[in-house]
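The primary structure of each chain is shown beneath.
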Amino acid sequence: MSAPHHTPVLLSEVLAILDPKAGETVLDVTLGLGGHAEALLKRVGERGTLIGLDADTRNLAQAQKRLHSLPGRVRCIHANFRDLADLALPGVNMLFADLGLSSPHVDDPARGFTFREEVPLDLRYDRSRGVTAAVWLAQSTEEEIAHCLRVFGELPSSARFARALRERLPTTTTAVVLAAESVYRWRAKTVLPQIFQALRIAVNDELGSLDALLAVGPTFLKPDGRMGVISYHSLEDRRVKQVFRSLTSAPKHPQTGQDLHPAEFTLLTRKAVVPSDDEVTVNPRSRSAKLRVIMRRDSPPS
Ligand SMILES: C[S@@+](CC[C@H](N)C(=O)[O-])C[C@H]1O[C@@H](n2cnc3c(N)ncnc32)[C@H](O)[C@@H]1O
């Protein structure tokens, strides 16, 4: 098999808006194959530092190989970004997250994210913790499965399909495909991506992890520090938008409604930044990407 590849999304926009500078410390909490990290590290240069996390050990190892040949200090940590508060990391000038899965998860059947080949139904980024999708299905009620399919996958007839999954308790990707064919018939192929997306979001508790990142991430920013998040799903983007809006809104006097002091952060992206038509043509996986960025003010509000 050829070396895994992942094209970094919105790369020039990330560099332009997050604007890494020589000597800065950058925290990339979703290293993936290190595409964004490589570009960020080149910008911070030999006096700079890049700290990278990934929940997936295989991606982490690939990124580590790629980054260690570059000038600058590099520290790669196998961790989930939901545990950021426990990692004893220093303050940073830039925090970056590029959510979700990477191309190798989809391209390499052995990762269990694809339905093109028969493999165990796993779908975890981190195989050293949590439960596989097969176990998650066995432990969940029909209602919990239907909720996951409806909300995370926007799947039609989610209750019927949840029943089919509970009856069959699939342990392989092929068994999910067969269950989908039993409910959706000729339309099964079109809904399989939604089914696998829903299971992936549930198994990795992607929204819970994002909430934890949004709560803790901004506290790591030094004055003038920037935090950028690329999301790929409306449920993720809504969370990023709400948290960033509240961090960048001045607290109000409860009686007069006047600003008590300026907000601690400013918004660097008034609207979400999305890929150009050219980028979507070259890299269709970028089509749902949305980038939002905030910056901590240079001095605490008085
Ligand atoms: C979209 S890819 C990042 C690609 C990367 N920016 C690049 O250019 O190669 C997302 C990565 O985040 C990892 N990931 C997803 N959720 C995570 C979490 N909660 N904590 C840490 N890593 C996570 C995945 O394993 C995957 O490698």
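Just so it is clear, the structure is predicted and the values come from calculations on it, not from any experiment. (Residues numbered from 1 in each chain as written. Predicted model: local features only at pLDDT ≥ 70, side-chain atom pairs only at ≥ 80, totals over all residues. Heavy atoms only, no water.)

1. Examining the nonpolar core
Turning to step 1, where the next piece is worked out: With 37 residues, the main nonpolar core has Leu121, Trp136, Leu149, Phe152, Phe161, Tyr184 and Ile195 as its most contacted residues.
Turning to step 2, where the next piece is worked out: Looking at which element gives the most residues to this core, the answer is helix H9 (residues 188-203), with 10 residues.
Turning to step 3, where the next piece is worked out: Looking at which domains feed residues into this core, each of domain 1 (11-104 + 207-296) and domain 2 (127-203) supplies at least three.
Turning to step 4, where the next piece is worked out: Core analysis: the second largest hydrophobic core is formed by 26 residues, Ala63, Met94, Phe96 and Val293 among them. (Core = buried A, V, L, I, M, F, W, Y, C linked by side-chain atoms within 4.5 Å. Buried < 20%, exposed > 50% of the residue type's maximum accessible area, 1.4 Å probe, protein only. Helix = DSSP H or I, 4+ residues; strand = E, 2+ residues; numbered from the N terminus. Domains from an automatic or database assignment.)

2. Points about the pairing of strand E2 (residues 49-54)
Turning to step 1, where the next piece is worked out: Burial analysis of E2 places 6 of its 6 residues in the buried class, the great majority of the element.
Turning to step 2, where the next piece is worked out: Burial of the side chains of E2 extends over both faces: Thr49, Ile51 and Leu53 are buried on one face and Leu50, Gly52 and Asp54 on the other.
Turning to step 3, where the next piece is worked out: For strand E1 (residues 25-28) and E2, the ladder comprises 4 bridges, and the chain directions are parallel. Bridged to valine 26 within E2 is leucine 50.
Turning to step 4, where the next piece is worked out: Note on the crossover from E1 through helix H2 (residues 35-44) to E2: the handedness is right-handed.
Turning to step 5, where the next piece is worked out: Note: E2 against strand E3 (residues 73-78), 6 bridges, orientation parallel. (Pairing = 2+ DSSP bridges. Right-handed = clockwise from strand over helix to strand, strands pointing away.)

3. What to know about the site of the ligand
Turning to step 1, where the next piece is worked out: Neighbouring the ligand are 25 residues; His36, Asp54, Asn59, Phe81 and Asp98 lie closest to it.
Turning to step 2, where the next piece is worked out: In the environment of the ligand, an oxygen atom lies 2.7 Å from a nitrogen or oxygen atom belonging to the side chain of aspartate 54.
Turning to step 3, where the next piece is worked out: The separation between a nitrogen atom of the ligand and a polar main-chain atom of phenylalanine 81 is 2.9 Å.
Turning to step 4, where the next piece is worked out: Protein contact buries 98% of the 600 Å² of open area that the ligand shows by itself.
Turning to step 5, where the next piece is worked out: A majority-of-atoms criterion places the ligand in the second largest pocket.
Turning to step 6, where the next piece is worked out: By residue class, the composition of the shell around the ligand is 10 nonpolar, 12 polar and 3 charged. (Near = heavy atom within 4 Å. Polar contact = N/O pair within 3.5 Å; in protein donor to acceptor, adjacent residues only side chain to side chain. Areas by Shrake-Rupley, 256 points an atom, 1.4 Å probe, with all protein chains shown as cover. 1 Å grid on protein atoms, 1.4 Å probe; cavity = no way out; pocket = protein on both sides within 12 Å on 5 of 7 lines; lining within 4 Å. Sits in = over half its atoms within 2 Å of the grid points. Nonpolar A, V, L, I, M, F, W, Y, C, P; charged D, E, K, R; others polar.)

4. Overview of helix H1 (residues 11-18)
Owing to its 3.6 residues per turn, the α-helix aligns residues three or four sequence positions apart on the same side.
Turning to step 1, where the next piece is worked out: Residues of H1 that are buried include every one of Glu13, Val14, Leu15 and Leu18, and no others.
Turning to step 2, where the next piece is worked out: Tucked inside the fold, the buried residues of H1 contact H2, strand E4 (92-98), strand E5 (221-231), helix H12 (277-282) and strand E7 (290-296).
Turning to step 3, where the next piece is worked out: Looking one or two residues past H1, aspartate 19 carries a phi angle of roughly 45°, positive in sign. (Contact = heavy atoms within 4.5 Å.)

5. Examining the domain arrangement of the chain
Turning to step 1, where the next piece is worked out: Assigned domains of the chain: these are domain 1 (11-104 + 207-296) and domain 2 (127-203).
Turning to step 2, where the next piece is worked out: Distance from the C-alpha centre of domain 1 to the C-alpha centre of domain 2: 30 Å.
Turning to step 3, where the next piece is worked out: Counting residues at the interface gives 11 residues for domain 1, matched by 9 residues for domain 2.
Turning to step 4, where the next piece is worked out: At the boundary of domain 1 with domain 2, total buried surface from both sides reaches about 660 Å², with 49% on carbon and sulfur atoms. (Buried area = accessible area lost by both parts, 1.4 Å probe.)

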